[in-house]
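Secondary and tertiary structure notes
Chain by chain, the residues:
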Amino acid sequence: MKRWSPAMRRYLARFVPTMISYVIVLVAVDWLFRNHPPVGPIKYLLALLPALPVIGIIVILGLYLIDETDEFERSVLVQAILWATGATLAFNTVHDALMNFLHFPPMPMFSLFTVFVAVWGLAQPVIRWRYR
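Residues numbered from 1 in each chain as written. Predicted model: local features only at pLDDT ≥ 70, side-chain atom pairs only at ≥ 80, totals over all residues. Heavy atoms only, no water.

**Notes on the packing of aromatic side chains**
Given two aromatic rings, one states the distance between the centres and the angle between the planes to describe the pair. Note the following rule: Geometry of aromatic contacts follows a simple scheme: Phe, Tyr and Trp rings, the Trp one being its six-membered ring, pair when their centres are within 6.5 Å, and the pair is stacked under 30 degrees between planes, edge-to-face over 60, tilted otherwise. Each helix is a run of H or I in the DSSP string that is no shorter than four residues. Each strand is a run of E no shorter than two, and both are numbered from the N terminus. Each residue is assigned to one of three classes by its accessible area relative to the maximum for its type, calculated with a 1.4 Å probe on protein chains only: buried under 20%, partly exposed between the two thresholds, exposed over 50%.
Summed over the entire model, instances satisfying the criterion amount to six aromatic pairs. Ring geometry for Tyr-11 against Phe-15: centres 5.4 Å apart, planes inclined by 20°, an arrangement best described as stacked. Of this pair, Tyr-11 and Phe-15 both sit in helix H1 (residues 6–35), four residues apart, roughly one helical turn. The same class applies to Tyr-11 and to Phe-15, which are both buried. Aromatic pair Tyr-11 and Tyr-64: ring centres 4.9 Å apart, planes at 40°, arrangement tilted. With a gap of 53 residues between them, Tyr-11 in helix H1 and Tyr-64 in helix H3 (residues 51–67) connect regions that are remote in the sequence. Among the residues examined, Tyr-11 registers a relative accessible area of 7% and is labelled buried. Overall, the relative accessible area of 3% leaves Tyr-64 in the buried class.

So, in structure tokens, the structure goes:
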């Protein structure tokens, strides 16, 4: 098994805590708004909190792409990001069509990030497998 590059270790040291914070903040804010809805200006600040780790993940991905010197690893990540972006756009397009024409219930917008991350994570080993 190949050892992780220094860039990958930095990436994981940034990514894992940021993703954990996203889940914790999202669950906490969702629970708060459902059970004890905040009022006044604080509700806007609380509503924005889950977006901060998502923005952090985007920055962390960019930093990894800059730091990684292995062209194959960078290529795998870029291809996985492209697959995830395409799948997320396709998923959203299908869901919007179902909402508009069949009156499907709306989906929370933060779930698009979940679709993106899931496809991005699944695409990486598939892309690596393709090159074997």
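**Considering unusual backbone geometry**
Look at His-103: it is not a glycine, yet its phi comes out positive at around 60°. Here His-103 is to be found in the loop between helix H4 (71–102) and helix H5 (111–130).

**A word on the nonpolar core**
Heads up, the condition is: Working definition of a nonpolar core: buried Ala, Val, Leu, Ile, Met, Phe, Trp, Tyr and Cys residues. They are joined through side-chain atoms within 4.5 Å. It only takes one pair of heavy atoms within 4.5 Å for two residues to be counted as in contact.
Judged by nonpolar contacts, the single largest core of 22 residues is most densely connected at Tyr-11, Phe-15, Leu-61 and Trp-120. Of all the secondary structure elements, the ones that give two or more residues to this core are H1, H3, H4 and H5. When residues in this core are grouped by element, the largest group, seven residues, is from H1. Apart from residues lying up to four places away in sequence, Leu-61 is in contact with Tyr-11, Leu-77, Ile-81 and Trp-120.

**What to know about the packing of H4 against H5**
Rule in force here: Note on method: axes are straight lines fitted to C-alpha atoms, helices fitted across the in-contact stretch only, with angles between N-to-C directions ranging 0 to 180 degrees. Roughly parallel covers angles under 35 degrees, roughly antiparallel covers those over 145, roughly perpendicular covers 65 to 115, and oblique covers all other angles. Whether a crossing is left-handed or right-handed is set by the direction in which the near helix is turned from the far one by less than a right angle, anticlockwise for left-handed and clockwise for right-handed. Amino acids outside the nonpolar list (Ala, Val, Leu, Ile, Met, Phe, Trp, Tyr, Cys, Pro) and the charged list (Asp, Glu, Lys, Arg) are all regarded as polar, and Gly is one of them.
Remark: H4 packs on H5, axes separated minimally by 7 Å, with the N-to-C direction vectors making an angle of 135°. Judged by the angle between their axes, H4 and H5 are oblique. Crossing angle aside, the handedness with which H4 passes H5 is right-handed. Partitioned by chemical class, the residues of the contact of H4 with H5 number 16 nonpolar, five polar and three charged.

**Topic: the side chain of His-95**
Turning to its location among the elements, His-95 is positioned in helix H4. In this structure, His-95 is in contact with Pro-105, Pro-106 and Met-107, ignoring residues within four places of it in sequence.

**Examining the pattern of salt bridges**
Should the charged atoms of two oppositely charged side chains come close, the side chains can pair. Operational definition: One speaks of a salt bridge when a side-chain nitrogen belonging to Lys or Arg is within 4 Å of a carboxyl oxygen belonging to Asp or Glu.
Scanning the model with the defined rule gives four salt bridges in all. A salt bridge links Asp-67 to Arg-10, with the nearest nitrogen and oxygen atoms 3.4 Å apart. Taken as a pair, Asp-67 in helix H3 and Arg-10 in helix H1 lie far apart in primary sequence, 57 residues in all. The closest approach of N and O atoms between Arg-128 and Glu-73, which form a salt bridge, is 2.3 Å. One end of the pair, Arg-128, is in helix H5; the other, Glu-73, is in helix H4, with 55 residues separating them in the sequence.

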